Amino acid sequence: MNDDILEKIRRAGAISGEARKLGASLIDEGVTLLSVAEEVEAYMLKKGARPAFPTNLSINDQAAHYTPRSDDKLTFKKGDLVKVDVGAHVDGYIGDTAQTVEVRTKNWTNLINASAKALAMAVETVSEGVTVGSISGTIERAIKSEGFLPVTNLTGHGMGCYNLHAGLTIANYDDGNPTKIKKDMMIAIEPFATNGGGEVRNSKPGNIYRILRDREIKDDGAMKLIGLIKENFHGLPFCERWCTALDPKAPLHLKTLVRHGILYAYPVLTEIKGGMVSQTEHTVVLNGYKAEVTT
Ligand code: CO
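Residues numbered from 1 in each chain as written. Predicted model: local features only at pLDDT ≥ 70, side-chain atom pairs only at ≥ 80, totals over all residues. Heavy atoms only, no water.

(A) Geometry of the coordination of the cobalt ion. Distances from the cobalt ion to its protein donors, Asp96 (OD), His157 (NE2), Glu190 (OE) and Glu281 (OE), fall at 2.1 to 2.3 Å. Sequence spacing of the donors to the cobalt ion: D-x60-H-x32-E-x90-E. Highlighted residues: Asp96 in strand E5 (residues 93-102) and His157 in strand E7 (residues 155-158), separated in sequence by 61 residues. Accessibility assignment for this pair places Asp96 and His157 in one class, buried. (Donors = N, O, S within 2.8 Å, 3.2 Å for Na, K, Ca; no water. Helix = DSSP H or I, 4+ residues; strand = E, 2+ residues; numbered from the N terminus. Buried < 20%, exposed > 50% of the residue type's maximum accessible area, 1.4 Å probe, protein only.)

So, in structure tokens, the structure goes:
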């Protein structure tokens, strides 16, 4: 891996990690989700990076994919279990990282620790030649040893330049995946632990989008917005808030673009039995053959 790229990966990782801690520190009873997301993303920009995806603030049985809207009034409540999943990129090189915090109670410390321990143990095993299945098995055993279940239909993933999910899929249970970790790979490992059924399902739309396909439609406003989206977000996921900052009529155009199959709206993912969910995530780069946590 060339030094220039490695430097960008490290910088993106460091900024992502700091942004995650900033987000976690701001979460408190009565604070709006919107203010936390905006501060996290402003921090990335101030440090010379850009958000690689909208700040995810998913609460309790929501495992992932909630980000506040531009007019969102939702606040954190006492007892909320909050997954803070953030990512910054530097010229397309991404850091992806998450932690779980509880608002003013300590009811879910063991659940939080289960995903954190699984991540720490999984990261220890990563090196060139290791199979993805063995990393997954380590995650599964660590979570079960704490008395919880891994979420089996959420996975870690490979990453590429301006590509948040590229190549590898790293299951959170031993799926026997024989694919081997190779030099210079960049991966995100993200164990999710739950006291529920161990799966998530799609619920309501969560305000996060990506481009599905290019298509001309007879709507100048919507076509103009899609141009701005391509120019500003480089094919990475984005949200209503960011679009509204570019065009006040964006909420209307986003609906049109989804209806025409040009955009995909990510649903919020919630636990099938309504269980509580914790998540911990780091980005790991194989610098040559050596694993290095960047976030
Ligand atoms: Co990720």
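(B) Fine view of the layout of surface pockets. Here the largest pocket is characterised by a volume of approximately 570 Å³. If you go around the largest pocket, you meet 27 residues; those closest to its centre are His65, His157, Leu164, His165 and Tyr266. Breaking the lining of the largest pocket down by element, the ones donating at least two residues are E7, strand E11 (200-211) and strand E13 (263-271). With 3 residues, the top contributor of residues to the lining of the largest pocket is E7. Along the lines of polarity and charge, the residues of the lining of the largest pocket split into 12 nonpolar, 11 polar and 4 charged. Residues from two domains meet in the lining of the largest pocket; each of domain 1 (3-202 + 275-293) and domain 2 (205-268) gives at least three. By volume, the second largest pocket amounts to about 350 Å³. Lining the second largest pocket are 18 residues, with Glu41, Leu45, Pro51, Phe233 and Trp242 sitting closest to its centre. At the level of elements, helix H2 (33-46), strand E1 (50-51), helix H5 (220-233) and helix H6 (240-246) are the ones that each hand at least two residues to the lining of the second largest pocket. (1 Å grid on protein atoms, 1.4 Å probe; cavity = no way out; pocket = protein on both sides within 12 Å on 5 of 7 lines; lining within 4 Å. Points joined across faces, edges and corners; volume = space filled by probe spheres on them. Nonpolar A, V, L, I, M, F, W, Y, C, P; charged D, E, K, R; others polar. Domains from an automatic or database assignment.)

(C) Region of interest: the packing of helix H3 (residues 109-125) against helix H4 (residues 132-145). Viewed as axis vectors pointing N to C, H3 and H4 meet at an angle of 150°, and their least axial separation amounts to 8 Å. The pairing of H3 with H4 is recorded here as roughly antiparallel in orientation. As H3 packs across H4, the resulting crossing turns out to be right-handed. Of H4, the residues touching H3 (which contributes Ala114, Lys117, Ala118, Met121, Ala122 and Thr125) are Ile135, Thr138, Ile139, Ala142, Ile143 and Ser145. Among the residues forming the contact of H3 with H4, the class breakdown is 8 nonpolar, 3 polar and 1 charged. (Axes fitted to C-alpha atoms, helices over the stretch in contact; angles between N-to-C directions. Parallel < 35°, antiparallel > 145°, perpendicular 65-115°, else oblique. Left-handed = near helix turned anticlockwise from the far one by under 90°. Contact = heavy atoms within 4.5 Å.)

(D) Structural detail: the pairing of strand E16 (residues 290-293). Bridge analysis of strand E15 (residues 282-287) against E16 gives 4 bridges, and the strand direction is antiparallel. Following the sheet pairing, Val284 is matched in E16 by Val293. Remark: 2 residues form the turn of the hairpin made by E15 and E16, two consecutive strands paired antiparallel; Gly288 in that turn has positive phi of roughly 65°. (Pairing = 2+ DSSP bridges.)

(E) Layout of the packing of aromatic side chains. If you walk through the whole model with that rule in mind, you get 4 aromatic pairs. With a centroid separation of 6.0 Å and 25° between ring planes, the pair formed by Tyr209 and Phe238 is classed as stacked. Residue Tyr209 is found in strand E11, and its partner Phe238 is found in strand E12 (residues 238-239); the two are separated by 29 residues along the sequence. The pair Tyr209 / Phe238 is uniform in exposure class, with both members buried. Between Phe233 and Trp242 the ring centres are 5.4 Å apart and the planes differ by 50°, which places this aromatic pair in the tilted class. Here the aromatic residues Tyr209, Phe233, Phe238 and Trp242 are joined through ring pairs into a cluster of three or more. (Phe/Tyr/Trp six-rings, centres within 6.5 Å; stacked < 30°, edge-to-face > 60°.)

(F) Expanded view of the nonpolar core. Judged by nonpolar contacts, the single largest core of 26 residues is most densely connected at Val126, Ile135, Ile139, Ile181, Ile187 and Ile189. The set of elements that each furnish at least two residues to this core consists of H3, H4, strand E9 (186-189) and E15. Residue contributions to this core peak at 7 residues, all from H3. In terms of nonpolar packing, the next biggest core, distinct from the first, is built from 24 residues, Ala12, Ala37, Met44 and Tyr66 among them. (Core = buried A, V, L, I, M, F, W, Y, C linked by side-chain atoms within 4.5 Å.)

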